[in-house]
Amino acid sequence: MTWYRLTRNLPVNAVLLALSLLMVYPLVIVAITAFKTNEEVLQNPTGLPNAPTLENFTTSWREAGFSNLFLNSILLTVTSMVIATLVAALAAYAVVRRATRVGSGVYLVLAAGIFLPMQLALVPQFRVVRELGLINSYAGVILLYTAGAIPFGVFLMAAFMRQVPKEIVEAAIVDGVGYFQLFRSIFLPLARPAVASFWVLHGVGVWNDYLVPQLILTDPAKRTLTTGVLYFKQQYLADWGNIMAAVVIMSLPVLVLFVLAQKHFISGLYAGAVK
């Protein structure tokens, strides 16, 4: 029976394995290139390094000022995540608690923002930021990130908050729990899986974004990691060893976030089920 099951799933497993290799291959090339000199990259782009070196990592960190770039990226990512999570959670709570036609209409308008490409809205958003005098400021970037994340956050958290049993809500109201206390003590804790998913997806998107910081932040001291990688890209020449080393350094916090998020997903789901 086991052999029959393996042979029956063999075509599907072969396709999945091929797709996995296709997705892993670019990552392997990035990691290998990070340990090569630029001359070796140009001579043998996809081969293993003859003499692996860590010089690219030290050069990237020192010459591109990665300590400052890290602080800027962390500031923008964490601040926009906290503000967007708070606003989206409160909006989702209001939509769920006020189950009226107006609330449903507001929810549909917010959910429709998911299908609006960011590039399409970038021009009017840039004009708004310019009129507010927030060009070359972190507040302008955070404002765009927060506004872009609210539709998906409301859509995701409202779906979880609708699953809260009415009996629990009614019992809390009978005990004298207020409107915002109900949100803080019942709805928000039960929506922790949605909050964790939102943090990961929005955080990775902000961390890896290049367009908004490049457009809004004109001061080199305010550059982020994605824009700082261009330090090693010139008009007719690119130092691929240092660029790939910078990409590896930039990707490490994202990998750590994914590893930590797996535990939070599981614990949040079990916590919501028990309660």
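For the structure itself, look to the data block above.
Just so we're clear, the structure is a prediction, and the values are computed from it rather than from any experiment.

J.: Could you clarify how one ought to interpret the environment of Leu-69 in this entry?
T.: The residue Leu-69 is located in helix 5 (residues 66-97) in this model. Exposure remark for Leu-69: the relative accessible area of 1% places this residue in the buried category. Through-space distance from the C-alpha of Leu-69 to that of Pro-220 is 9.8 Å; in sequence the pair is 151 residues apart. Leu-69 has contacts with Ala-64, Arg-223, Thr-224, Leu-225 and Gly-228, leaving out every residue within four places of it along the chain.

J.: When you look at the packing of helix 10 (residues 179-190) against helix 11 (residues 192-208) in this model, what are you seeing that I'm missing?
T.: Each pair of packed helices can be summarised by the angle the axes make with each other and by the distance between the axes. Between helix 10 and helix 11, whose axes approach to 5 Å, the crossing angle comes to 60 degrees. One way to sum up the angle between helix 10 and helix 11 is to call them oblique. Between helix 10 and helix 11, the residues in contact are Leu-188, Pro-189 and Leu-190 and Arg-192, Pro-193 and Val-195, respectively. Along the lines of polarity and charge, the residues of the contact of helix 10 with helix 11 split into five nonpolar, no polar and one charged.

J.: I would appreciate a short explanation of the nonpolar core in the present structure.
T.: Burial of nonpolar side chains together is a common tendency in soluble globular proteins. Counting residues in each nonpolar core, the largest one holds 27 residues, and the members touching the most others are Met-157, Met-161, Leu-182, Ile-186 and Phe-187. Put simply, the parts of the chain that give this core at least two residues each are helix 5, helix 8 (138-161), helix 9 (166-174), helix 10 and helix 11. Leu-225, Ala-245, Ala-246 and Val-254 belong to the second largest nonpolar core, which has 19 residues in total.

About the thresholds
Residues numbered from 1 in each chain as written. Predicted model: local features only at pLDDT ≥ 70, side-chain atom pairs only at ≥ 80, totals over all residues. Heavy atoms only, no water. Helix = DSSP H or I, 4+ residues; strand = E, 2+ residues; numbered from the N terminus. Buried < 20%, exposed > 50% of the residue type's maximum accessible area, 1.4 Å probe, protein only. Contact = heavy atoms within 4.5 Å. Axes fitted to C-alpha atoms, helices over the stretch in contact; angles between N-to-C directions. Parallel < 35°, antiparallel > 145°, perpendicular 65-115°, else oblique. Nonpolar A, V, L, I, M, F, W, Y, C, P; charged D, E, K, R; others polar. Core = buried A, V, L, I, M, F, W, Y, C linked by side-chain atoms within 4.5 Å.

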